[in-house]
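Okay, here's what each chain looks like letter by letter:
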Amino acid sequence: QVQLVESGGGSVQAGGSLTLSCTASVSISSINAMAWYRQAPGNQREYVARMPAGGNIDYTESVKGRFTVSSGNAKNTVYLQMNSLKPEDTAVYYCVAWRRDRWYWGQGTQVTVSS
């Protein structure tokens, strides 16, 4: 069982920055893959960044060059640094983990970008 807790969402103006955190109940090193997804009102969930263990991070085209995933020194936390935010980035952002043949989702954190 893996519990994921996102934090760091909020409201910013276009061009601003936010950093989301995802804290897992297990060590990140024990997780096979992680991802950030988002869902805007009326839209399907879409991936923002996919992070396979030991592999390259894959960012969706619309966030390349603006968003960065990192883990820093924390053993159970990953971050999503979001710069140059646009109104179309407004969504609920979810942290996702794949471990032992099962997907786990966090509860999500709201990001609102105003123009």
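Residues numbered from 1 in each chain as written. Predicted model: local features only at pLDDT ≥ 70, side-chain atom pairs only at ≥ 80, totals over all residues. Heavy atoms only, no water.

Student: What should I look at first to understand the packing of aromatic side chains in this one?
Tutor: The geometry of an aromatic ring pair is captured by two quantities: the separation of the ring centres and the angle between the planes. Here the structure, examined in full by the defined rule, presents three aromatic pairs. When the ring of Tyr94 is compared with that of Trp105, the centres are 5.9 Å apart and the planes differ by 75 degrees; the resulting orientation is edge-to-face. Here the residue Tyr94 occupies a position in strand E9 (residues 91-99), and Trp105 occupies one in strand E10 (residues 102-105), the gap between them amounting to eleven residues. For Trp105, a relative accessible area of 38% translates into the label partly exposed. Ring plane angle 50 degrees and centroid distance 4.9 Å describe the contact between Trp98 and Trp103, whose orientation is recorded as tilted. Three or more aromatic residues joined by ring pairs form one cluster here, namely Tyr37, Tyr94 and Trp105. Taking NZ or CZ as reference, Arg45 lies 4.1 Å from the ring centre of Tyr94, over its face. Positioned above the aromatic ring of Tyr47 is the side chain of Arg50, whose terminal nitrogen or guanidinium carbon lies 3.6 Å from the ring centre. (Phe/Tyr/Trp six-rings, centres within 6.5 Å; stacked < 30°, edge-to-face > 60°. Helix = DSSP H or I, 4+ residues; strand = E, 2+ residues; numbered from the N terminus. Buried < 20%, exposed > 50% of the residue type's maximum accessible area, 1.4 Å probe, protein only. Lys NZ or Arg CZ within 6 Å of the ring centre and 35° of its normal.)

Student: Would you mind going over the state of the cysteines with me for this structure?
Tutor: In the structure shown here, the tally under the stated rule is one disulfide. The disulfide bridge from Cys22 ends at Cys95, spanning 2.0 Å between sulfur atoms. The S-S bond linking Cys22 to Cys95 shows a torsion near -75 degrees; that makes this disulfide left-handed. Pair noted here: Cys22 is in strand E3 (residues 18-24) and Cys95 is in strand E9, with a separation of 73 residues, a long-range link. As far as burial versus exposure is concerned, Cys22 and Cys95 are alike and both buried. (Disulfide = S-S within 2.5 Å.)

Student: Explain the pairing of E3 to me, please; I cannot follow it from the model alone.
Tutor: For a regular strand, side chains alternate in direction, first toward one face of the sheet and then toward the other. With five of its seven residues buried, E3 lies for the most part within the structure. As paired elements, strand E1 (residues 4-7) and E3 share four bridges and run antiparallel to each other. Residue pairing for E3: Leu4 is matched across the bridge by Ala24. (Pairing = 2+ DSSP bridges.)

Student: Help me understand unusual backbone geometry in this model?
Tutor: Phi at Ser84 is positive, roughly 50 degrees, even though this residue is not glycine. Within the secondary structure, Ser84 sits in the loop between strand E8 (77-82) and E9. The class for Ser84 is partly exposed, based on a relative accessible area of 40%. Within the chain, Asp101 stands out as a residue other than glycine whose phi angle is a positive 65 degrees.

Student: I tried to follow the side chain of Glu6 on my own but got confused; where do I start?
Tutor: Looking at the element boundaries, Glu6 is found in strand E1. It turns out Glu6 is buried and unbridged, and the closest side chain with the opposite charge, Arg45, is 8.5 Å from it. Among the polar contacts listed, one links the side chain of Glu6 to the backbone nitrogen of Cys95, at a separation of 2.7 Å. At a separation of 2.9 Å, a polar atom in the side chain of Glu6 contacts the main-chain amide nitrogen of Gly108. Sequence-distant contacts of Glu6, that is, excluding residues within four places in its chain, are made with Ser21, Cys22, Trp36, Tyr93, Tyr94, Cys95, Gly106, Gln107, Gly108 and Thr109. (Lys, Arg positive; Asp, Glu negative; His and termini not counted. Salt bridge = Lys/Arg side-chain N within 4 Å of Asp/Glu carboxyl O. Polar contact = N/O pair within 3.5 Å; in protein donor to acceptor, adjacent residues only side chain to side chain. Contact = heavy atoms within 4.5 Å.)

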